[in-house]
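Close look at the chain arrangement
Each chain is listed here by its residues.
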Amino acid sequence: MHKPIHFVLLIVLTLGAEWQTGLDYVIKNQPQLTLTSNYPIHTQIEIIFDKQFSEVPEVLLMFEHVTFESMLDVDINLSLGQVTKSGFELRYRLGGPARVQQLKVRWVAFVDKNVQLTYREFNFMQLRELRQGFGEREDSFTQPVNANIKSPKVSTFLVGFKINPENGPYALQINCALDSQLQNINLNLKTKDTTHVRYVKVALILVGEGSKAITKQGGIDSRGFNYFEEQSTSGIRRIDYKQVVPETFLTAPSENILSQGLRGFEANSTESELISMSLDKYHVFDENYEMNFGPLNGTLIYSLDFSILLHEPTKIEKMTMSHLRRK
């Protein structure tokens, strides 16, 4: 028997747009999901929207927290099942052999004609450089832009990956940018050392003129910050990140839809058998979007990249949900 999971759901209604967000934390030190050698493991969660959308929404997925066993191949994939006006199916696939001990997944559902969402997968055959060799390597791809999205801004979120570290760090960097004609998104995937990347899945979000949403890409490189290079890597360590936002976000700073997810990382383990990364404790305060992030429990992070998606509310209802059930 599974206990219901309670969390706060935010609903945003703006002119011609509807937004909701929530957090799923079903994979949290659960032996039946993580401590088995019978891979792959499939888990499906049904999420019900507290307020039905006027039409079938788009659903963006992202990682806020990831913890997995180090030194082994790690294989994690998020996907969507059926999406309706009332809810959607969130599917987890854990391919092993590295045990995934914790995943915290943020979802953002929206109906907004000025926002485009696309999922892209890159398999073993497409990753010609990343899947083999050593040293710095990269593969590049393009994605067309919807012509109806005016003056877009783009960000990408990591949604799935399969990485073989080969005794080196877990290294995957994903960069995206619009071309000069705003017709295509240029995607660049990188790795380094002896790391072999066998699969990557990303979500590309385009926010156009007329939307109340904001999307940004950020990151930090430890080589410019001694903070990540301390001899002691135990415990929880954090770095603060700030991004200036429009004053309109400050009308209800605690009630904006705020979402952030991993975009890439280079990490290794020193004092434990786990790789653990977290993005959390974020809010809008004093004209800044603020969050702190970093490694946990002996993880040494050389770089951490992320994307954020914010939405300004005009009317908000705060509600508590307990509609999750495991199938």
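Remember, it's a predicted structure, so these values are computed and weren't measured experimentally.

Cut-offs and rules
Residues numbered from 1 in each chain as written. Predicted model: local features only at pLDDT ≥ 70, side-chain atom pairs only at ≥ 80, totals over all residues. Heavy atoms only, no water. Helix = DSSP H or I, 4+ residues; strand = E, 2+ residues; numbered from the N terminus. Buried < 20%, exposed > 50% of the residue type's maximum accessible area, 1.4 Å probe, protein only. Contact = heavy atoms within 4.5 Å. Salt bridge = Lys/Arg side-chain N within 4 Å of Asp/Glu carboxyl O. Phe/Tyr/Trp six-rings, centres within 6.5 Å; stacked < 30°, edge-to-face > 60°. Pairing = 2+ DSSP bridges. Polar contact = N/O pair within 3.5 Å; in protein donor to acceptor, adjacent residues only side chain to side chain. Core = buried A, V, L, I, M, F, W, Y, C linked by side-chain atoms within 4.5 Å. pLDDT = per-residue confidence, 0-100.

On a plain count of helices and strands, the protein comes out with one helix and 21 strands. Here the protein, with 327 residues, has 57% of them falling under the buried criterion. Sequence separation of at least 24 residues holds for 80% of the intrachain contacts in the protein that already meet a minimum separation of 6.

Quick look at the pattern of salt bridges now. Counting across every chain of the model gives five salt bridges. For the salt bridge of Asp75 with Arg93, the shortest nitrogen-to-oxygen distance reads 3.1 Å. Of the two residues, Asp75 is situated in strand 5 (residues 74–83) and Arg93 in strand 6 (residues 87–94); the sequence distance between them amounts to 18 residues. Glu89 is the salt-bridge partner of Arg91, the closest N and O atoms lying 3.2 Å from each other. You can call Glu89 buried: its relative accessible area is 14%.

Applying the stated criterion across every chain, the model contains ten aromatic pairs. Each ring, one from Phe49 and one from Trp107, has its centre 5.7 Å from the other, and the planes form 55°; the classification is tilted. Placement of Phe49 in the loop between strand 3 (41–48) and strand 4 (58–69) and of Trp107 in strand 7 (residues 100–111) is noted, with a sequence separation of 58 residues between them. By relative accessible area, which is 5% here, Phe49 ends up buried. What makes Trp107 buried here is its relative accessible area of 0%. Taken together, a centroid distance of 5.0 Å and an interplanar angle of 75° make the contact between Phe68 and Tyr170 edge-to-face. Of this pair, Phe68 sits in strand 4 while Tyr170 sits in strand 11 (residues 170–178); the two residues are 102 residues apart in sequence, bridging distant segments of the chain.

What follows deals with the pairing of strand 8 (residues 115–122). Burial runs high along strand 8: six of the eight residues are buried. Across eight bridges, the pairing between strand 8 and strand 13 (residues 196–207) is antiparallel. Of the residues in strand 13, the one forming a bridge with Phe122 is Val200.

Here Val56 shows up in the loop between strand 3 and strand 4. You can call Val56 partly exposed: its relative accessible area is 47%. For the pair formed by Val56 and Ala109, sequence separation is 53 residues and the distance between their alpha carbons is 9.4 Å. Sequence-distant contacts of Val56, defined by excluding residues within four places in its chain, comprise Val83, Thr84, Lys85 and Val111.

A word on the environment of Glu18. In this structure, Glu18 sits in strand 2 (residues 17–24). Note on Glu18: relative accessible area 16%, which makes it buried. Spatially, the C-alpha atoms of Glu18 and Glu55 are 9.6 Å apart, while their sequence positions differ by 37 residues. A polar contact is formed between the side chain of Glu18 and the side chain of Ser54, at a distance of 2.4 Å.

A separate point is the nonpolar core. Grouped together as the largest cluster of nonpolar side chains are 74 residues, with contacts concentrated most on Phe68, Ile76, Phe161 and Val200. Beyond its immediate stretch of four places on either side in the chain, Phe161 contacts Phe63, Phe68, Val74, Asp75, Ile76, Leu172, Tyr199, Val200 and Phe265.

Looking now at the confidence of the model for the protein. When pLDDT is averaged along the protein, the result is 78, and 72% of the positions lie at 70 or above. Predicted confidence in the protein is weakest over strand 20 (residues 316–321), with a mean pLDDT of 32, and strongest over strand 5, with 96. Predicted confidence is poor over residues 1–9, with pLDDT under 50, and the contacts of this stretch with residues over four places away or in other chains come to 27 contacts.

Turning to unusual backbone geometry, a few remarks are in order. Of note, the amide linkage connecting Gly96 to Pro97 takes the cis form, showing an omega dihedral of 0°. Tracing the backbone through its elements, the reader meets Pro97 in the loop between strand 6 and strand 7. Within the chain, Met71 stands out as a residue other than glycine whose phi angle is a positive 75°. Looking at the secondary structure, you find Met71 in the loop between strand 4 and strand 5.

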